[in-house]
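Per-entry structural report
The residues making up each chain are set out below.
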Amino acid sequence: MSDLPRKAVARTAKLAALPLGFAGRTALGLGKRIGGRSAEMIAAELQQRTAEQLFATLGQLKGGAMKLGQALSVFESALPEQVAGPYRAALTKLQEAAPPMPVKSVHTALAERLGEDWRDLFEEFDDKPAAAASIGQVHRAVWHDGREVAVKVQYPGAGEALLSDLTQLGRFARLLGPLVPGMDIKPLIAELRDRVSEELDYGLEARAQAAHAREFTGDVDVVVPDVVHHTDQVLVTEWLEGVPLSEVIADGTREQRDRAGQLLARFLFSGAARTGLLHADPHPGNFRLLTGSAPDGPPEKWRLGVLDFGTVDRLPQGLPPEIGTALRLTLEGDAEAVHELLRDEGFVKPGIDLDPGAVLDYLLPIIEPAQVEEFTFTRDWMRAQATRIADPRSPAYQLARQLNLPPAYLLIHRVTTSTIGVLCQLGATVRLRDEMEAWVPGFAAESRSQETPA
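In what follows, the accompanying structure is described. (Residues numbered from 1 in each chain as written. Predicted model: local features only at pLDDT ≥ 70, side-chain atom pairs only at ≥ 80, totals over all residues. Heavy atoms only, no water.)

Topic: the packing of helix H14 (residues 335-345) against helix H15 (residues 356-366)
Across the interface, H14 lies against H15 with an axial gap of 8 Å and an inter-helix angle of 85 degrees. As the angle between them shows, H14 and H15 are arranged roughly perpendicular. Packed against H14, whose contacting residues are Ala335, Glu336, Val338, His339 and Leu342, the element H15 presents Pro356, Gly357, Val359, Leu360 and Leu363 at the interface. Of the residues contributing to the contact of H14 with H15, the split by class is seven nonpolar, two polar and one charged. (Axes fitted to C-alpha atoms, helices over the stretch in contact; angles between N-to-C directions. Helix = DSSP H or I, 4+ residues; strand = E, 2+ residues; numbered from the N terminus. Parallel < 35°, antiparallel > 145°, perpendicular 65-115°, else oblique. Contact = heavy atoms within 4.5 Å. Nonpolar A, V, L, I, M, F, W, Y, C, P; charged D, E, K, R; others polar.)

Let's talk about the pairing of strand S3 (residues 148-154)
Of all seven residues in S3, six are buried, a share of seventy percent or more. Examined bridge by bridge, strand S2 (residues 136-143) and S3 share seven bridges and lie antiparallel to one another. Paired with Gly136 across the bridge in S3 is Gln154. Counting the residues between successive antiparallel strands, the hairpin from S2 to S3 contains four residues, one of them, Gly146, with a positive phi of roughly 95 degrees. Taken together, the five bridges between S3 and strand S6 (residues 234-238) define a ladder with antiparallel strand orientation. Among the inter-strand pairings, Lys152 is bridged to a residue of S6, identified as Leu235. (Buried < 20%, exposed > 50% of the residue type's maximum accessible area, 1.4 Å probe, protein only. Pairing = 2+ DSSP bridges.)

Quick notes on the environment of Ala213
Structurally, Ala213 can be placed in helix H10 (residues 202-215). Residue contacts for Ala213: discarding those within four places in its chain leaves Val224, Pro225 and Asp226.

A look at the packing of aromatic side chains
In this structure the tally under the stated criterion is nine aromatic pairs. When the ring of Trp118 is compared with that of Phe122, the centres are 6.2 Å apart and the planes differ by 70 degrees; the resulting orientation is edge-to-face. With respect to burial, Trp118 and Phe122 carry one shared label: buried. Here the aromatic residues Trp118, Phe122, Phe125 and Trp143 are joined through ring pairs into a cluster of three or more. Over the face of the ring belonging to Tyr202 we find Lys152, whose NZ or CZ atom lies 5.2 Å from the ring centre. (Phe/Tyr/Trp six-rings, centres within 6.5 Å; stacked < 30°, edge-to-face > 60°. Lys NZ or Arg CZ within 6 Å of the ring centre and 35° of its normal.)

Focus on the sheet that holds S6
Spatially, five strands are ordered S1-S2-S3-S6-S5 in an open sheet, and the strand pairing comes out antiparallel. Sheet topology places strand S1 (122-132) and strand S5 (227-230) at the edges, where each strand pairs with a single neighbour. Averaged over all adjacent pairs, the angle separating strand axes in this sheet is 25 degrees, with direction ignored.

A look at the sheet that holds strand S4 (residues 222-223)
The sheet built from four strands is open, its strands ordered S4-S10-S9-S7 with mixed pairing. If you trace the sheet from one side to the other, it starts and ends with S4 and strand S7 (243-244), each paired once. Bridge analysis of strand S9 (residues 287-290) against strand S10 (residues 303-306) gives four bridges, and the strand direction is antiparallel. Bridge pairing in S10 links Phe287 to Val306. Along the sheet, helix H12 (residues 254-275) makes contact with S4, S9 and S10, crossing S10 at roughly 55 degrees.

Overview of helix H13 (residues 321-332)
The periodicity of an α-helix, 3.6 residues per turn, causes residues three or four positions apart to be oriented the same way. The end-to-end C-alpha distance of H13 is 17 Å, a good match for the 16 Å that 12 residues give at a rise of 1.5 Å each. Turning to H13, its buried residues number three or more, namely Gly324, Thr325, Ala326, Leu327, Arg328, Leu329 and Thr330. One or two positions beyond H13, positive phi appears at Gly333, with a value near 80 degrees. (Expected span 1.5 Å × (residues − 1).)

Re the pattern of salt bridges
Summed over the entire model, instances satisfying the criterion amount to 16 salt bridges. Counted as one network, the salt bridges with shared partners bring together Asp221, Arg259, Arg266 and Glu435. (Salt bridge = Lys/Arg side-chain N within 4 Å of Asp/Glu carboxyl O.)

Some details on the side chain of Gln262
You can see Gln262 is positioned in helix H12. With sequence-adjacent residues up to four places away left out, Gln262 is seen in contact with Thr429, Val430, Arg431 and Glu435.

Looking at a negative patch on the surface
A cluster of acidic residues, Asp334, Glu336, Glu340, Asp344, Asp355 and Asp361, forms a negative patch on the protein surface. Per-element accounting of the negative patch gives the leading share, three residues, to H14. Here Asp334 shows up in the loop between H13 and H14. (Patch = residues over 30% accessible without salt bridge, like charges linked within 9 Å, V, L, I, M, F, W, Y side chains within 5 Å. Areas by Shrake-Rupley, 256 points an atom, 1.4 Å probe, with all protein chains shown as cover. Lys, Arg positive; Asp, Glu negative; His and termini not counted. Charge placed at Lys NZ, Arg CZ, Asp CG, Glu CD.)

Quick look at the side chain of Arg388
For Arg388, the position within the fold is in helix H16 (residues 379-390). Here Arg388 is buried and forms no salt bridge, its nearest opposite-charge partner Asp361 lying at an N-O distance of 8.4 Å. A distance of 3.0 Å separates a polar atom in the side chain of Arg388 from the backbone oxygen of Tyr362. Residue contacts for Arg388: discarding those within four places in its chain leaves Asp361, Tyr362, Pro365, Ile366, Ser394, Ala396 and Tyr397. (Polar contact = N/O pair within 3.5 Å; in protein donor to acceptor, adjacent residues only side chain to side chain.)

Written out as structure tokens, the structure is:
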């Protein structure tokens, strides 16, 4: 596969084969169960084979299919280890790479979008892509003023492919549910589709990235590359050299994992407060660790490099204060106040009667990381949370089915959940409460007032 397939029929055929494969394996599993194998063994095997086929197809197609794959990949921490292990490497590859566009197509796209004399803008341009994403690929180059730059070129036909893929994937979203226990895939696909038009406009991305670059200039913890030049389908930014977060996930030391996790949590909460924008694509491929002059030394001075601002949530006042207030009230054990706030915000629809105590019992395990000074995020912890919510026999499952996620909170929820998934992949020990007290409105002052001097 050397170019983004633009014929809807060809792409739809590949995606349509996925549910057929799922159904075939389910029938095979039933036969094996009749033959005496345990339901648990069969379920794990089916889940593994389904995942392998799904991510192989999504990575090959790029477009909206790859976008969904990247979004799902951060949730691999919720999967049983015997299932997640065999294709974890494939997920990491999906986050970082995809089949490249032919060189001729890249040159044609640059000529159309930057002008026939586009080469005059660069001292050097590497035809081999340095990275590939869901709707474009990145080339390393040297701008005419000598700066090293990253040139992101949108795939021809990317818009059509994105919409077609996500429409098709939405038709069999329920079949993907078992891959990520406790998560409803259909709203994720719908939300991704709603963001397509924004992500296709590199002008919007340029403005969001420039706002972050200005705010974080000189920051000791976070680095965002400056925007150099852009059109609606080409984006030129300063090159950011660093260790991919995926490498720290795979091979990092305990100290490196903890530092990466703390920086990720800090950016999650501080970015919205400082810029009024929430970076809404927190998969590992979008982060680098800048090690400075001592790449093999202590990581305390490492900084987090942040890439790809194609998807952002616009929050002019930062995160809604209702989030911090709800978290604080939950930690205080005020079940009635939490229930009332959730109802006011639309998490509990009119006509739905819930026991406030049961709501509190549902929320407390989820916000465990905010209850202590530092918390170690693990795959086991995330799997336990996913299983608790996904098990039909669990009270949490029954309650979750009655809760509603208001549209205004959908992207915030996805970003937070995705970031927690990455923290669990890292296995990082993070002082999450410190970051929440510093940056989440409604949480800070009241939390501190509860602490009594020794």
